[in-house]
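Now for the letters of each chain:
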Amino acid sequence: MESNKVKIGCLSPLVMALAIMSLPGCNSNSAQSAGHSNQTAVNSNGLSAQTLELGITSVPENLSVTFSSKLKFNRYTKVMASNGKAIHIVAQDKLSDNQIVRARSILEHYLAPYSGSVYGANKTAIANKMTENNATLLLLNGSDDGTNPAAELDGQPLYQNEIQVEGHSWYINQNYDHRDAAFEEILHMVHDYGIGVDQNERFVGALPAYQAEIRSAQVRALTDNLWGIGSGNKAWIQELTAENSLSQEYLAAVVDSFYGLWGAWSGSNTNGMWGLYIAKTRAEISSEDMLGAQLMANKFFHPYLTYNARIDESFKGDFSLRLDPKKPYTHHSQYLKDVTLTGSNASNVIVNQFDNKITGNSGTNKVLFSGNSSQYIIDKQQDGIVVITDLVDSRDGVNTVNDIEELVFNDVTVFL
């Protein structure tokens, strides 16, 4: 809940223009947080070839004055807008590469066009507006405890201890001591810098009509005690009102529940976002917060997660893309579509209905289906990719797999 820290105008237009060149800056090491993947061989810039292959570089020279090695910034990535400018992502030295990639992927997800939607069919204006407003995502070491001096820099902060990576123990166990705040904080940046927020001196976003709907839903939710629930939150609501952050925080609560981030939370049987929001799941949004449900219904946000999730190399076993009450993380993973297994563990994937694209790692990997083999068509293509089509409607869909060794059906295992 950091939208109040976002400030427009953090970098000059000249710096923005130069940033897209991604010039290498000071030497640095790709240090990793405990439990996340480590990098080994490094090049002259202090980053491994594996890191560079992920689109992560040293902090560009023109940005390193602000995001300096003294402040422990050592890596950089970006999302390019159609205007040729970049949305900057700068990371401190304890973030894992997978955490950086995931943060970038969530930003790309929010900016991915949603065909046929009211406000999201073409999001180029959102991304362009974010670059014009100098949007910068700060990936910071540790937690939001007031001890990190880099938190005072202009930009949207997101902390190491609140970025879960699919397959990592924090994600698998849905550890709310390290709760997945990436969707919330990155959404704040998209909202403030791109969509736009009303009731400021001027509207700096690209979607005033959508913001009007967001504001209406937020006002109704606060009035009807659907959000900001609890007498103990009065001071917080007053603070948000003074900051004009009510609509950002409300929308984040809706989006978090929409993508299943609170389904496994044991603090409440019905409420999400630490109990502040009346709906814990997507189904509950539809029944408990009608205007919130309308914000999610073919307006801007995809019904599934559009990015390719890199399953952490520490994961072993069957990673499920299908909701399973015995597996807490599946409240969230049920909305994934495409995944890539990393590392070398013999890990597997259980498909869902979203026409999954699944890429294996260097170990032996299986993809698990719902029915008997006779109910599927298996098409082995010349490039090594295999397409598996479920002949039963509304079940496993059409799945594309690469570097997968086995297809597991109810009656037989097919070796590729």
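First, a word on scope: everything that follows refers to the structure included in this document.

What counts, and at which threshold
- Residues numbered from 1 in each chain as written.
- Predicted model: local features only at pLDDT ≥ 70, side-chain atom pairs only at ≥ 80, totals over all residues.
- Heavy atoms only, no water.
- Helix = DSSP H or I, 4+ residues; strand = E, 2+ residues; numbered from the N terminus.
- Contact = heavy atoms within 4.5 Å.
- Areas by Shrake-Rupley, 256 points an atom, 1.4 Å probe, with all protein chains shown as cover.
- Phe/Tyr/Trp six-rings, centres within 6.5 Å; stacked < 30°, edge-to-face > 60°.
- Buried < 20%, exposed > 50% of the residue type's maximum accessible area, 1.4 Å probe, protein only.
- Lys NZ or Arg CZ within 6 Å of the ring centre and 35° of its normal.
- Pairing = 2+ DSSP bridges.
- Axes fitted to C-alpha atoms, helices over the stretch in contact; angles between N-to-C directions.
- Salt bridge = Lys/Arg side-chain N within 4 Å of Asp/Glu carboxyl O.
- Core = buried A, V, L, I, M, F, W, Y, C linked by side-chain atoms within 4.5 Å.
- Expected span 1.5 Å × (residues − 1).
- Parallel < 35°, antiparallel > 145°, perpendicular 65-115°, else oblique.
- Left-handed = near helix turned anticlockwise from the far one by under 90°.
- Nonpolar A, V, L, I, M, F, W, Y, C, P; charged D, E, K, R; others polar.

1. Focus on the overall build of the protein
Point 1. Counting its regular elements, the protein contains 12 helices and 15 strands.
Point 2. Contacts in the protein between residues far apart in sequence, at least 24 positions, make up 61% of those at least 6 positions apart.
Point 3. Total accessible area computed for the protein in this model is approximately 16,600 Å², and 50% of it derives from carbon and sulfur atoms.

2. Some points on unusual backbone geometry
For residues that are not glycine, phi is negative in most cases, and the peptide bond is trans in most cases.
Point 1. One non-glycine residue, Lys72, adopts positive backbone phi at about 75°.
Point 2. As for its placement among the helices and strands, Lys72 is situated in the loop between α2 (49-53) and β1 (73-80).

3. With respect to the packing of aromatic side chains
Point 1. Under the defined criterion, the tally for this structure stands at 24 aromatic pairs.
Point 2. Ring plane angle 85° and centroid distance 5.6 Å describe the contact between Phe315 and Phe319, whose orientation is recorded as edge-to-face.
Point 3. Since its relative accessible area comes to 8%, Phe315 is described here as buried.
Point 4. Every member of this aromatic cluster is reached through a ring pair, and the members are Tyr110, Tyr119, Phe183, Tyr210, Phe258, Tyr259, Phe300 and Phe301.
Point 5. Between Arg282 and the ring centre of Phe258, over which it is positioned, the NZ or CZ distance is 3.7 Å.

4. Comments concerning the side chain of Asn233
Point 1. With respect to the helices, strands and loops of the structure, Asn233 is situated in the loop between α7 (208-223) and α8 (234-243).
Point 2. You can call Asn233 buried: its relative accessible area is 19%.

5. A closer look at helix α6 (residues 182-195)
Point 1. With 14 of 14 residues buried, α6 is to be regarded as a mostly interior element.
Point 2. Remark: Gly196 follows α6 within two positions and exhibits a positive phi of approximately 105°.

6. Details of the sheet that holds strand β14 (residues 406-408)
Point 1. Reading across from one edge, β6-β8-β10-β14-β15 is the order of the 5 strands in this open sheet, with mixed pairing throughout. Two strands close off the open sheet at either side, each with one partner strand: β6 (317-320) and β15 (413-415). The average undirected angle you get between the axes of adjacent strands in this sheet is 20°.
Point 2. Two strands pair when backbone bridges link them, and strand β8 (residues 347-350) and strand β10 (residues 366-368) are joined in this way by 2 bridges, in the parallel orientation. Looking across to β10, one finds that Val349 is bridged to Val367.

7. Examining the pattern of salt bridges
Point 1. This model, assessed by the stated rule, comprises 13 salt bridges.
Point 2. Put simply, Glu166 and Arg102 hold a salt bridge, and the shortest N to O gap is 3.1 Å. Placement of Glu166 in the loop between β4 (156-159) and α5 (169-172) and of Arg102 in helix α3 (residues 97-111) is noted, with a sequence separation of 64 residues between them.
Point 3. Salt bridges sharing partners connect three or more residues here, namely Arg102, Glu166 and Asp180.

8. Details of the sheet that holds strand β12 (residues 386-390)
Point 1. Taking strand neighbours across the sheet as the criterion, the 6 strands line up as β5-β7-β9-β13-β12-β11 in an open arrangement whose pairing is mixed. Taken across any chain shown, the strands that pair with only one partner, and hence form the sheet edges, are β5 (305-311) and β11 (376-380). Each strand of the sheet is rotated relative to its neighbour by a mean of 20°, with strand direction disregarded.
Point 2. The pairing of strand β9 (residues 357-359) with strand β13 (residues 398-402) spans 3 bridges and is parallel. Bridging across to β13, Lys357 finds its partner in Thr400.

9. Some details on the nonpolar core
Point 1. Membership of the largest hydrophobic core comes to 93 residues, with the highest contact counts inside it found for Leu107, Met130, Leu139, Tyr210, Trp227, Tyr277 and Phe301.
Point 2. The residues touching Tyr210, leaving out its near neighbours within four places in the chain, are Tyr119, Ile195, Leu295, Met296, Lys299, Phe300 and Phe301.
Point 3. Counting residues in each nonpolar core, the second largest holds 12 residues, with Leu63, Ala86, Val90 and Leu140 among its members.

10. Here we look at the pairing of β8
Point 1. The alternating pattern of β8 places Ser347 and Val349 on one face and Asn348 and Ile350 on the opposite face, and all of these are buried.
Point 2. Strand direction decides the pairing type here: β6 and β8, joined by 4 bridges, are parallel. Looking at β8, one finds that Phe319 is bridged to Val349.

11. A look at helix α9 (residues 246-258)
Point 1. For α9, spanning 13 residues, the distance from its first C-alpha to its last is 18 Å, which sits close to the expected 18 Å at 1.5 Å a residue.
Point 2. Taking burial as the measure, the 13 residues of α9 include 13 buried ones, the bulk of the element.

12. Side note on the environment of Lys337
Point 1. Assignment of secondary structure puts Lys337 in strand β7 (residues 336-341).
Point 2. Between the C-alpha atoms of Lys337 and Val351, which are 14 residues apart in sequence, the distance is 8.7 Å.

13. Focus: the pairing of β7
If a strand is regular, its side chains alternate between the two faces of the sheet.
Point 1. Within β7, 6 of the 6 residues are buried, leaving the element largely enclosed by the surrounding structure.
Point 2. By the bridge criterion, 5 bridges tie β5 to β7 in an arrangement that is parallel. Within β7, the residue paired with Asn308 across the bridge is Asp338.
Point 3. In terms of strand pairing, β7 meets β9 through 3 bridges, oriented parallel. Paired with Thr340 across the bridge in β9 is Thr359.

14. Remarks on the packing of α3 against α6
Point 1. Closest axis-to-axis distance for the α3/α6 pair is 10 Å, and the angle between their directions is 50°. Classified by the interaxial angle, the pair formed by α3 and α6 is oblique. Here the hand of the crossing between α3 and α6 comes out right-handed. Mapping the contact onto sequence places Arg102, Ala103, Ile106, Leu107 and Tyr110 in α3 and Ala182, Phe183, Ile186, Leu187, Met189 and Val190 in α6.
Point 2. Residue classes in the contact of α3 with α6 are distributed as 10 nonpolar, no polar and 1 charged.

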